[in-house]
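What follows is each chain in one-letter form.
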Amino acid sequence: VLISLCTGRSTPAILEHVSQLKLSCPIPVVAFNGALGMSCTADGQTVPLYTAPVPAEVVAAVLKLADENGLLVQYYVGDDIYVVCKTIAHRELTYRYAGLIGVKAHVYVESYDEAIARGMPYKLLLMSDDVDA
């Protein structure tokens, strides 16, 4: 029987679940809503099988939209989530999100240029407490 995990979550958020399965062989995992395929072992070893990061032009458009509307962007690259907190409310959103996923997740930066320098993201998540934003 072949088991595979598929999720929108990041690698660190997945590894605990893979470990709990206590499987003796690696399993295929699809993460970041399909942007990363990898092989994972119960001891936390990962081997990327394919990647499909968000294209640069989409990243630019999303960051512009977020800036114009006062939204927080979570920029997922590697095992990190980069954020630029422009308000106290933004920082509070990051604390709540980290509590929900159970992983120390955020890298606080002054500009998304720092994240872009690490590479194109596997996922962008826009956040706001305003449901109409």
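In this convention, every chain numbers its residues from 1, walking through the sequence in written order. This being a predicted model, a pLDDT of at least 70 is required before a residue's local features are given, and a value of 80 or more before pairs of side-chain atoms are given or counted; all residues contribute to the totals for chains, interfaces and linings. Hydrogens and water molecules were not included; the side-chain quantities draw on all heavy atoms of the structure.

**Some thoughts on the sheet that holds strand 4 (residues 46-51)**
By this definition, two strands are paired if DSSP reports at least two bridges between them. Helix numbers and strand numbers start at the N terminus; a helix is a DSSP run of H or I with at least 4 residues, a strand a run of E with at least 2. Pairing in this open sheet of 4 strands is mixed, and the strands run 1-2-3-4 from one edge to the other. Of all the strands in the sheet, just strand 1 (5-6) and strand 4 have a single pairing partner and so form its edges. Bridging between strand 2 (residues 27-31) and strand 3 (residues 36-40) involves 5 bridges; their strand directions are antiparallel. Bridging from a neighbouring strand, I27 pairs with C40 of strand 3.

**Re the environment of D113**
Tracing the chain through its elements places D113 in helix 4 (residues 112-118). Summary of the burial criterion: residues with accessible area below 20% of their type's maximum are buried, those above 50% are exposed, and those between are partly exposed, where the area comes from a 1.4 Å probe applied to protein chains only. For D113, a relative accessible area of 56% gives the class exposed. Sequence separation between D113 and L126 is 13 residues; the distance between their C-alpha atoms is 17 Å.

**So, the pattern of salt bridges**
For this analysis, a salt bridge means a side-chain nitrogen from Lys or Arg found within 4 Å of a carboxyl oxygen belonging to Asp or Glu. By the definition in use, this model includes 4 salt bridges. The partner of K64 in a salt bridge is E68, with the nearest N and O atoms 2.7 Å apart. Taken together, the residues K64 and E68, both in helix 2 (residues 56-69) and 4 residues apart, mark about one turn of the helix. Judged by its relative accessible area of 52%, E68 is exposed. Across the pair D129 and R96 runs a salt bridge whose closest N-O atoms are separated by 2.6 Å.

**With respect to the sheet that holds strand 7 (residues 106-108)**
Read across the sheet, 4 strands follow the order 7-6-5-8 without closing on themselves; strand pairing throughout is mixed. In this open sheet, the two edge strands, each paired with only one partner strand, are strand 7 and strand 8 (123-127). Between one strand and the next, the sheet's axes are offset by a mean angle of 30°, whatever the strand orientation. As paired strands, strand 6 (residues 80-83) and strand 7 are joined by 3 bridges and run parallel to one another. Fitting a line to C-alpha atoms yields each axis, with helices limited to the stretch in contact; the angle taken between N-to-C directions then spans 0 to 180 degrees.

**Re the environment of A52**
In this fold, A52 is placed in the loop between strand 4 and helix 2. Of the residues examined, A52 reaches a relative accessible area of 41% and is grouped as partly exposed. Along the primary structure A52 and T87 are separated by 35 residues, whereas in three dimensions their C-alpha atoms are 31 Å apart.

**What to know about the side chain of T11**
Mapped onto the elements of the fold, T11 is located in helix 1 (residues 11-21). Taking the relative accessible area as the measure of exposure, T11 reaches 6% and is therefore buried. When neighbours within four sequence positions are excluded, T11 is seen to be in contact with F32, L36, M38, T46 and D79. We call two residues contacting when some pair of their heavy atoms lies within 4.5 Å.

**Thoughts on helix 1**
Along helix 1, the residues classified as buried are T11, A13, I14 and V18. For helix 1, the arc enclosing every buried residue in end-on projection is 150°, short of the 170-degree limit, so these residues lie on one face. The exposed residues of helix 1 that point more than 90 degrees off its buried face are E16 and Q20. Buried-residue contacts for helix 1 involve strand 1, strand 2, strand 3 and strand 4. Immediately beyond the C-terminal end of helix 1, within one or two residues, lies K22, with a positive phi of roughly 55°. Of all possible arcs, the one meant is that of the directions from the helix axis to the C-beta atoms.

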